[in-house]
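Each chain, written out:
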Amino acid sequence: DVKVTQSSRYLVKRTGEKVFLECVQDMDHENMFWYRQDPGLGLRLIYFSYDVKMKEKGDIPEGYSVSREKKERFSLILESASTNQTSMYLCASSPPTGTGAKNIQYFGAGTRLSVL
Amino acid sequence: ILNVEQSPQSLHVQEGDSTNFTCSFPSSNFYALHWYRWETAKSPEALFVMTLNGDEKKKGRISATLNTKEGYSYLYIKGSQPEDSATYLCAFVKDSGAGSYQLTFGKGTKLSVIP
């Protein structure tokens, strides 16, 4: 069975802290994604990666960075957490384009981050 | 940023009622349209991946149609059950030529089925 695991379900951090959100997938997928979900705004793409050490900005990358050192792991980093980064963060992965899967994404359960 | 709209934003139906909601998306550079179901405290899960104009997909009591020329998709639920309560998301995949990785999601339709 397909599995995307996010390291924490709930996280509370203080303003200015450096925060790491970890995501691991066991499907050997090339593509991995980080989204945030806020009420009334839907899922918004922060960053994605289509290969190890590769990254691309999504629609709202400001205040975030990412790391993809191994194929199965994609980390989202908040360099200096701020209260407006309080949100639900979702990680997803997908098989490569051209495999017939048409970019179907498999999601983790989400991390609810509160920045105080 | 691509415009993907879903309506209604939320709806409440009685158990046994049939219902439908809409996703509208750009009618150019179409690659695929996805529907996901997101139940509370769970991960979003793919329901359908639709690629061809006129596509109809069905999974049990849930079905979806696709019109790429006019840029809309409908999701239908026949005989709604309480376990259908969830947020239904559609996502547009743009044909970017070199490889299409990115999904643009609508804001979702939150369905509540009242027993």
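This text goes with the structure placed above it.
In this text the structure is predicted, and so the values were computed from the model without any measurement. (Residues numbered from 1 in each chain as written. Chains lettered and ligands numbered in written order. Predicted model: local features only at pLDDT ≥ 70, side-chain atom pairs only at ≥ 80, totals over all residues. Heavy atoms only, no water.)

### Examining the pattern of salt bridges
Link 1 in the chain: On inspection of all chains with the given rule, the structure shows nine salt bridges over all chains.
Link 2 in the chain: Taking the shortest distance from any N to any O, the salt bridge between A:Lys53 and A:Glu69 comes out at 2.5 Å. Of the two residues, A:Lys53 is situated in the loop between strand 5 (42–49) and strand 6 (56–57) and A:Glu69 in strand 7 (residues 64–70); the sequence distance between them amounts to 16 residues.
Link 3 in the chain: Using a relative accessible area of 56% as the deciding quantity, one classes A:Lys53 as exposed.
Link 4 in the chain: Two residues, B:Lys42 and B:Glu39, come together in a salt bridge whose shortest N-O distance is 3.9 Å.
Link 5 in the chain: Overall, the relative accessible area of 23% leaves B:Glu39 in the partly exposed class.
Link 6 in the chain: The structure contains a network of salt bridges with shared partners spanning A:Asp28, A:Glu30 and A:Lys71. (Salt bridge = Lys/Arg side-chain N within 4 Å of Asp/Glu carboxyl O. Helix = DSSP H or I, 4+ residues; strand = E, 2+ residues; numbered from the N terminus. Buried < 20%, exposed > 50% of the residue type's maximum accessible area, 1.4 Å probe, protein only.)

### Structural notes on the sheet that holds strand 3 (residues 19–24) of chain B
Residue and element names in this part refer to chain B.
Link 1 in the chain: If you trace the five strands from one edge of the open sheet to the other, you get 1-3-8-7-6, paired in antiparallel fashion. The open sheet is flanked by strand 1 (5–7) and strand 6 (56–59), the only strands paired with a single partner. With strand direction ignored, the average angle separating the axes of adjacent strands in the sheet is 15°.
Link 2 in the chain: Where strand 7 (residues 62–67) lies against strand 8 (residues 72–77), six bridges are found, and the strand directions are antiparallel. Opposite Thr65, over in strand 8, you have Tyr74 as the bridge partner. (Pairing = 2+ DSSP bridges. Axes fitted to C-alpha atoms, helices over the stretch in contact; angles between N-to-C directions.)

### Considerations on the state of the cysteines
Link 1 in the chain: The final tally for this structure, using the stated rule, is two disulfides over all chains.
Link 2 in the chain: The disulfide bridge from A:Cys23 ends at A:Cys91, spanning 1.9 Å between sulfur atoms. Because the torsion about its S-S bond is -80°, the bridge between A:Cys23 and A:Cys91 counts as left-handed. Linking A:Cys23 in strand 3 (residues 19–25) with A:Cys91 in strand 9 (residues 87–94), this pair joins segments that are 68 residues apart in sequence. Of the two residues examined, A:Cys23 and A:Cys91, each falls in the buried class.
Link 3 in the chain: For B:Cys23, the disulfide goes to B:Cys90, at an S-S distance of 2.0 Å. Judged by the torsion about the S-S bond (75°), the B:Cys23/B:Cys90 disulfide is right-handed. Taken together, the positions of B:Cys23 in strand 3 and B:Cys90 in strand 9 (residues 86–94) put the pair 67 residues apart, joining distant regions of the chain. (Disulfide = S-S within 2.5 Å.)

### Section: the interface of chain B and chain A
Where the parts come together, the accessible area they lose is often given as the size of the interface.
Link 1 in the chain: If you look at the interface, chain B gives 23 residues, while chain A gives 24 residues.
Link 2 in the chain: Seen at the junction of chain B and chain A, the total is zero salt bridges.
Link 3 in the chain: Connecting chain B to chain A are four residue pairs in polar contact (both at pLDDT 80 or more).
Link 4 in the chain: Secondary structure elements with two or more residues in the side of chain B that touches chain A: strand 4 (30–38), strand 5 (45–50), strand 9 and strand 10 (103–105) of chain B.
Link 5 in the chain: When grouped by side-chain class, the residues that make up the side of chain B that touches chain A number 14 nonpolar, seven polar and two charged. (Contact = heavy atoms within 4.5 Å. Polar contact = N/O pair within 3.5 Å; in protein donor to acceptor, adjacent residues only side chain to side chain. Nonpolar A, V, L, I, M, F, W, Y, C, P; charged D, E, K, R; others polar.)

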